[in-house]
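Overview (structure and organization)
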Amino acid sequence: MSERDFLQRIVFEDINARAVYVDLDSVVAEVLARESYPDTVAQLLAQALLVVAAMSSGIKFRGRVSLQLQGGGALKLLVADCTDGGGMRAIARLREGAIAPDDTASLWAMLGESGVLTLTLDPCDGGQRWQGIVPLEGRGLDQAIEAYFRRSEQLETRLRLAAADGRARGILIQQMPASSTVLADEDGWNRLEHLLATVAASELLETPGRDLLDRLFHAEQRRVFPARALNFYCPCSRERVMALLGNLGAAELAGLFQIQEVVEVRCQFCNQAYNFAQEDMGELIESAAPGSDSLH
Ligand SMILES: [Zn+2]
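What you see is a predicted model; the values in this text were computed from it and never measured. (Residues numbered from 1 in each chain as written. Predicted model: local features only at pLDDT ≥ 70, side-chain atom pairs only at ≥ 80, totals over all residues.)

1. What about the overall build of the protein?
For the protein, the helix and strand inventory stands at 10 helices and 14 strands. Expressed along its principal axes, the backbone C-alpha trace of the protein runs to roughly 70 × 40 × 35 Å. Counting across all 296 residues of the protein, residues that qualify as buried make up 33%. (Helix = DSSP H or I, 4+ residues; strand = E, 2+ residues; numbered from the N terminus. Buried ≥ 20, exposed ≤ 12 C-beta atoms within 10 Å, placed from the backbone.)

Next comes the structure, spelled out in structure tokens:
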């Protein structure tokens, strides 16, 4: 497996807690290559990718974890998601004519006015979709996620996120749902918190992951799971787009082809273009899929 773009899960059984380390290079590069974003927005996108990757390590279904930020200021919408298999993508939408501030704290403060954070767990095998929506709290995405878990799942969580120059590294530590047995190591959580607090953003970005994890947790009883690869992935396809267009119905499609010879549909996540012409009409109508009202 590639040395780049992976997540590493560690479980501290005596403490009933876990850690997830995420290391992203090419996924961030792929996302940023598809659209030109102001630096601060690019950094927030990279941080959001770290968060969904870390969250994907805990899901027990086939499907996707998705994070969405909406609020005020220059940034209208930011979406990042990660599948159980490590396929990732993200986009951000700026308000027309808006100028993004050149420091992330201001970008966050503006977003936070009436801002909301939505986390969605979306199983692809027919399981129940689950969604949690909370107001944006704290001075940045790390604090907002910590507040989210405290509020919605009563799980203490600490996050360190660092992103610069197209690289992103993050560590999450989190208490696991309470077990009935008494903890073997009652002070363990405090120790993990203190260890994480010693990590500066520069160290996170510059130290190879395995060295950093050894430095932090070498004295702790722990189970280290095999690293899992992460990569850029968009599940859009010609078939899905056809089903979507087909839903417009024959009359509307005919109208569209009267206006333009070729109808182009572009995936907002990966920028892939799908083209359709008059002769595709029959196939489009056939592929109409009732109830499928979104690209993905
Ligand atoms: Zn796509």
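2. Considerations on the sheet that holds strand β3 (residues 63–70)
Sheet architecture is open: 6 strands sit in the order β7-β6-β3-β4-β5-β12, paired in mixed fashion. Only two strands of the sheet have a single neighbouring strand rather than two, namely β7 (130–135) and β12 (231–232). Pairing analysis gives 7 bridges linking strand β4 (residues 75–83) to strand β5 (residues 87–94), with the strands arranged antiparallel. Along β5, the bridge assignment pairs L75 with L94. (Pairing = 2+ DSSP bridges.)

3. Some details on the nonpolar core
Ranked by size, the top nonpolar core spans 62 residues in total, and within it L24, L45, A48, L49, L50, V52 and A53 carry the most contacts. In terms of residue count, helix α2 (residues 39–56) provides more of this core than any other element does, 13 residues in total. Listed in part, the 11 residues of the second largest apolar core include L244, C267, F269 and F276. (Core = buried A, V, L, I, M, F, W, Y, C linked by C-beta atoms within 7 Å.)

4. Notes on the domain arrangement of the protein
Split into domains, the protein comes out as domain 1 (6–232) and domain 2 (238–286). Its C-alpha centre places domain 1 at a distance of 36 Å from the equivalent point of domain 2. (Domains from an automatic or database assignment.)

5. Re α2
Over its 18 residues, α2 runs 26 Å from end to end, which matches the ideal 26 Å to within 8%, given 1.5 Å per residue. A large share of α2 lies buried, amounting to 16 of its 18 residues. (Expected span 1.5 Å × (residues − 1).)

6. Some remarks on the packing of helix α1 (residues 26–33) against α2
Relative orientation of the contacting elements α1 and α2 amounts to 135°, with a least axis distance of 10 Å. Here α1 lies oblique to α2, going by the angle between them. Both α1 and α2 take part in a crossing whose hand is right-handed. Two secondary-structure elements touch here, α1 through V27, V28, V31 and L32 and α2 through A42, L45, A46 and L49. When grouped by side-chain class, the residues that make up the contact of α1 with α2 number 8 nonpolar, no polar and no charged. (Axes fitted to C-alpha atoms, helices over the stretch in contact; angles between N-to-C directions. Parallel < 35°, antiparallel > 145°, perpendicular 65-115°, else oblique. Left-handed = near helix turned anticlockwise from the far one by under 90°. Contact = placed C-beta atoms within 7 Å. Nonpolar A, V, L, I, M, F, W, Y, C, P; charged D, E, K, R; others polar.)

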